[in-house]
Amino acid sequence: MAEYSCLIVEDSPMMRQLLVFALARVKNLRVTEADDGVDGLRKLASARYDIIVTDINMPIMDGLKLVKRVRSDPVHKDTPIVIITTEGSQEDRQRALQLGANAYITKPIQAPQVIATVKELLKID
Amino acid sequence: MSHDRDDRGRQGSEPPPDLKKERDQFLQTFAKGTKLEEFMQEHEQLQQRSRELENENARLRATLEENDAMRDLVHKIEKLEQEKRELLSRFREAEALSTRFSARFEQVENEFSNLANLFVASNQIHSSLSPRGVTRRIKEVLAQLVGAERYGVYLANTEGTELVPIASEGVPAEKLVPMLTEGTRVGEAFRSGSAIVDEECDPSQGTFEAPPAIVPLSIDDKVVGAIVIFATLSQKKRFDTIDFELFKLLGQHAAAALVSASLFAQAERKLPGLEAFLDLSV
């Protein structure tokens, strides 16, 4: 059975906990947490991930910069990225998709939607 | 010999008896030959007829066999049709079962998601021992889990006549003023201790005058404040079951967490000594 790894980049501990709970429902998915974009890049430099789930609004380095950096990294340039946005931030969402994000989830997040999006991008039944 | 015949012919019209006999014999033989030929022809015809009948018989047998094969085929088709009907019926049953399982699975997944939300909310509210930290977490629950866009957290003054805002989001400064507990909708919820949630209207269109949700905050059955949601995010068009559960959780835990954190801060973040727990009489 293939094992997948997911990196969650989110500054809110509550949202991180919620995402970890949701993604625990995906079989054989190992989840790693990062507090912000910089922490996310640090973790991406030390390990390979099959998918990245990131918030857009974060201190130090936001999700848009992270998407840009990941797409220019030869190791992770093809790694699927899911962004988490608020309904009002269409511009951020568009920008993130233009920069190479693969999908987006709007807040308040629903676990079934997170699971379905991640499974679809990882091509898990 | 020929002379004799000529002589006899000449002597009378009657042939001599021996010749007559010979002639009769010949005629008889001839007649027999003719008969034989007729027999032969008849035999030939009978043989022909026999062959025709044999062919006819063979044809009839073949037709009969074909009919048998046809009957078998029809029987087989009927059997297959029946089998098809049974399979279709079983398929429909399996499909209905699968739909039921899918619906149940979805229900369980949603239930799990709701429980996870409640667990995370409760866990977060109680994970800080600073009043600021607790307030930040309450705001986060309101924004991230409930989907509130404009809201305020109010605590009652000692007299219980006014509700004073202690935290808010998206509320203009001029609206952030103490509210009377008499004669206002928020005050009504505060005094009754029961949440007021407008289930009919779209909460994203809520106003300061008509907030879609007012949740009283209690500690040990004493109402000490209220959370007022003035409007939700534009995509949040109605409150779901989980929102009502979150309101209940916030109503029962938010004030307790705030008060605990305040007392801890007043005690200069010193944990109570062991003696504080020794006389609990339990």
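Residues numbered from 1 in each chain as written. Chains lettered and ligands numbered in written order. Predicted model: local features only at pLDDT ≥ 70, side-chain atom pairs only at ≥ 80, totals over all residues.

**Quick look at the packing of helix 2 (residues 17-125) of chain B against helix 3 (residues 131-146) of chain B**
All names here are of chain B.
Link 1 in the chain: Between helix 2 and helix 3, the least distance of the axes is 8 Å, while the angle of their chain directions is 160 degrees. With respect to helix 3, the element helix 2 is oriented roughly antiparallel. As for how helix 2 packs across helix 3, the hand of that crossing is right-handed. Along its contact with helix 2, which presents Asn-117, Ala-121, Gln-124 and Ile-125, the element helix 3 presents Val-134, Arg-137, Ile-138, Glu-140, Val-141 and Leu-145. (Axes fitted to C-alpha atoms, helices over the stretch in contact; angles between N-to-C directions. Helix = DSSP H or I, 4+ residues; strand = E, 2+ residues; numbered from the N terminus. Parallel < 35°, antiparallel > 145°, perpendicular 65-115°, else oblique. Left-handed = near helix turned anticlockwise from the far one by under 90°. Contact = placed C-beta atoms within 7 Å.)

**As for the nonpolar core**
Link 1 in the chain: Counting residues in hydrophobic clusters, the biggest one holds 75 residues, and the most contacted among them are Cys-6 of chain A together with Val-141, Ala-226, Ile-227, Val-228 and Ala-254 of chain B.
Link 2 in the chain: Considering every element that reaches this core, the biggest residue donor is helix 5 (residues 241-266) of chain B, with nine residues.
Link 3 in the chain: Of the domains in this structure, domain 1 (14-125) and domain 2 (129-266) of chain B are the two that each give at least three residues to this core.
Link 4 in the chain: For Ala-226 of chain B, the residues in contact, after removing those within four places along its chain, are Tyr-154, Leu-163, Val-186, Ala-189, Phe-190, Ile-214, Val-215, Pro-216 and Leu-217 of chain B. (Core = buried A, V, L, I, M, F, W, Y, C linked by C-beta atoms within 7 Å. Buried ≥ 20, exposed ≤ 12 C-beta atoms within 10 Å, placed from the backbone. Domains from an automatic or database assignment.)

**Overview of unusual backbone geometry**
Link 1 in the chain: In this structure, the amide linkage connecting Lys-107 of chain A to the following residue, Pro-108 of chain A, adopts the cis form with an omega of -5 degrees.
Link 2 in the chain: Mapped onto the secondary structure, Pro-108 of chain A falls in the loop between strand 5 (103-106) and helix 5 (111-122).
Link 3 in the chain: The phi dihedral of Asn-28 of chain A is positive, around 60 degrees, even though this residue is not glycine.
Link 4 in the chain: Secondary-structure assignment places Asn-28 of chain A in the loop between helix 1 (13-23) and strand 2 (29-34).
Link 5 in the chain: Judged by local crowding, Asn-28 of chain A falls into the exposed class, with 11 C-beta atoms found within 10 Å.
Link 6 in the chain: Despite not being glycine, Asp-221 of chain B shows a phi value in the positive range, around 70 degrees.
Link 7 in the chain: Tracing the backbone shows Asp-221 of chain B in the loop between strand 5 (213-219) and strand 6 (222-232).
Link 8 in the chain: For Asp-221 of chain B, a count of 6 C-beta atoms within 10 Å corresponds to the exposed category.

**Focus: the sheet that holds strand 5 of chain A**
Residue and element names in this part refer to chain A.
Link 1 in the chain: What the five strands build is an open sheet, ordered 2-1-3-4-5; its pairing is parallel. Each end of this open sheet is capped by a strand with a single partner; those strands are strand 2 and strand 5. This sheet shows a mean twist of 20 degrees between the axes of neighbouring strands, independent of strand direction.
Link 2 in the chain: Running over the sheet, helix 1 touches strand 1 (4-9), strand 2 and strand 3 (51-55) and is turned about 175 degrees from strand 2.
Link 3 in the chain: Across the sheet, helix 4 (residues 90-99) is in contact with strand 4 (81-85) and strand 5; its angle to strand 4 comes to roughly 170 degrees. (Pairing = 2+ DSSP bridges.)

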